[in-house]
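Take a look at the letters that make up each chain.
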Amino acid sequence: MLSAVVMLTYRNIVAVVDKLFLIWQILFPLVYIFVAGYAYSSLINEDQIVIGGKIISYNVFLALGMIGFNVMNSSTVAGSIIWNDKRNGMLHQILVMPYSKLQYIASTLLTIIVMGLASAAIILIAGLPIIAGTVTFDITSTLYLTFALIMGSIFFGSIAIIISTRLRSNEGFTVIINTVFLFFAFASSTFYPPHGLPEPMQYAFYINPLTYIADIIREGMFSAVDTFTNIKILVLGVISGIAFLIATLSMYKMRI
């Protein structure tokens, strides 16, 4: 099974994923970090950005948050892969070969995981002038970062798969997925801290999986892991597993 998943993942990366999209996935967060980061820093009270007892500059806060955002953004690829394969008749051909729907889903999510890990590495390297001296690079921080990226890829990739299997048009998928992910993006701690926001918005922040992803990354990188961080890890793992199960069932019920 593993070799089949790897082969399908290789196919996705080489032949299915649009190369311009990959370039955009790298350039967009970098532009946002270096342009919006400096532009918005003058509007945000940085004394309110405290992680593990440390006051964090907004640029650093945003740079780490964009890693989680990029994972979510990359997850649209999951739906695009399914739609392209359905439109071109490739999905039917794959499934009459020695590949199962479960292997197909696993390869789609693995594609997103690979893209997420690669983009995270690029963001961290390019953002070194900003984050150097403020974050901790060790085994623990790497494990928390990797866990957040993998679970985030599984959750948002599963959401994209569920939506793509339920809708009959690619245009409808694009509208729905962009609307859903827009809510996830701006009702989270990706771009700004929740402190000082109206109470209903804070509730929205803390039921948003993207907030958990961004917080786990930041708390791991700042060596600020506590009991609440581990609770977020547990919750993120559970909801990612549930989303994957629902995506698998949706894929099995989908008419090809």
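See the structure shown above.
Note that this is a predicted model, so its numbers are computed, not measured.

(A) Layout of the packing of aromatic side chains. Within this structure, the stated rule accounts for 13 aromatic pairs. Between Phe-186 and Phe-191, the aromatic rings sit 5.2 Å apart at their centres with planes inclined by 20°, giving stacked as the arrangement. Among the residues examined, Phe-191 registers a relative accessible area of 5% and is labelled buried. Grouped by ring-pair contacts, the aromatic residues Phe-28, Tyr-32, Phe-69, Phe-186 and Phe-191 constitute a single cluster. Between the NZ or CZ atom of Arg-218 and the centre of the ring of Phe-61, over which it lies, the distance is 3.5 Å.

(B) Inspection of the pattern of salt bridges at higher detail. The final tally for this structure, using the stated rule, is four salt bridges. A salt bridge links Asp-85 to Arg-11; its shortest N-O distance comes to 2.8 Å. With Asp-85 in helix α4 (residues 76-88) and Arg-11 in helix α1 (residues 2-16), this pair connects stretches of sequence that are 74 residues apart. Note on accessibility: Asp-85 and Arg-11 belong to one class, buried. Its salt-bridge partner being Glu-219, residue Lys-232 comes within 3.0 Å of it at the nearest N-O pair.

(C) Structural view of the packing of α1 against helix α6 (residues 101-126). Packing of α1 against α6 leaves a shortest axis separation of 8 Å and a crossing angle of 55°. In terms of orientation, α1 lies oblique with respect to α6. Note on packing geometry: the crossing formed by α1 with α6 is right-handed. Two secondary-structure elements touch here, α1 through Ala-4, Val-5, Leu-8, Thr-9, Arg-11, Asn-12 and Ile-13 and α6 through Gln-103, Tyr-104, Ala-106, Ser-107, Thr-108, Leu-110, Thr-111 and Val-114. In terms of residue class, the contact of α1 with α6 is made up of eight nonpolar, six polar and one charged.

(D) Seen up close, the nonpolar core. Leu-64, Ile-67, Met-72, Phe-156, Phe-191, Ile-217 and Phe-222 are the most contacted members of the largest nonpolar core, which has 74 residues in total. Apart from the residues lying within four places of it in its own chain, the contact partners of Ile-217 are Leu-64, Ile-67, Gly-68, Leu-145, Ala-148 and Leu-149.

(E) Looking closely at the environment of Tyr-104. Here Tyr-104 is to be found in helix α6. For Tyr-104, a relative accessible area of 1% translates into the label buried. Along the primary structure Tyr-104 and Thr-248 are separated by 144 residues, whereas in three dimensions their C-alpha atoms are 9.8 Å apart. Ignoring sequence-local partners within four residues, the contact set of Tyr-104 consists of Leu-8, Arg-11, Ile-81, Ile-82, Asp-85, Leu-91, Ile-94 and Met-251. Side-chain polar atoms of Tyr-104 contact the side chain of Asp-85, separated by 2.5 Å.

Reading the values: rules and limits
- Residues numbered from 1 in each chain as written.
- Predicted model: local features only at pLDDT ≥ 70, side-chain atom pairs only at ≥ 80, totals over all residues.
- Heavy atoms only, no water.
- Phe/Tyr/Trp six-rings, centres within 6.5 Å; stacked < 30°, edge-to-face > 60°.
- Buried < 20%, exposed > 50% of the residue type's maximum accessible area, 1.4 Å probe, protein only.
- Lys NZ or Arg CZ within 6 Å of the ring centre and 35° of its normal.
- Salt bridge = Lys/Arg side-chain N within 4 Å of Asp/Glu carboxyl O.
- Helix = DSSP H or I, 4+ residues; strand = E, 2+ residues; numbered from the N terminus.
- Axes fitted to C-alpha atoms, helices over the stretch in contact; angles between N-to-C directions.
- Parallel < 35°, antiparallel > 145°, perpendicular 65-115°, else oblique.
- Left-handed = near helix turned anticlockwise from the far one by under 90°.
- Contact = heavy atoms within 4.5 Å.
- Nonpolar A, V, L, I, M, F, W, Y, C, P; charged D, E, K, R; others polar.
- Core = buried A, V, L, I, M, F, W, Y, C linked by side-chain atoms within 4.5 Å.
- Polar contact = N/O pair within 3.5 Å; in protein donor to acceptor, adjacent residues only side chain to side chain.

No statement about biological role is implied by the geometric values presented.
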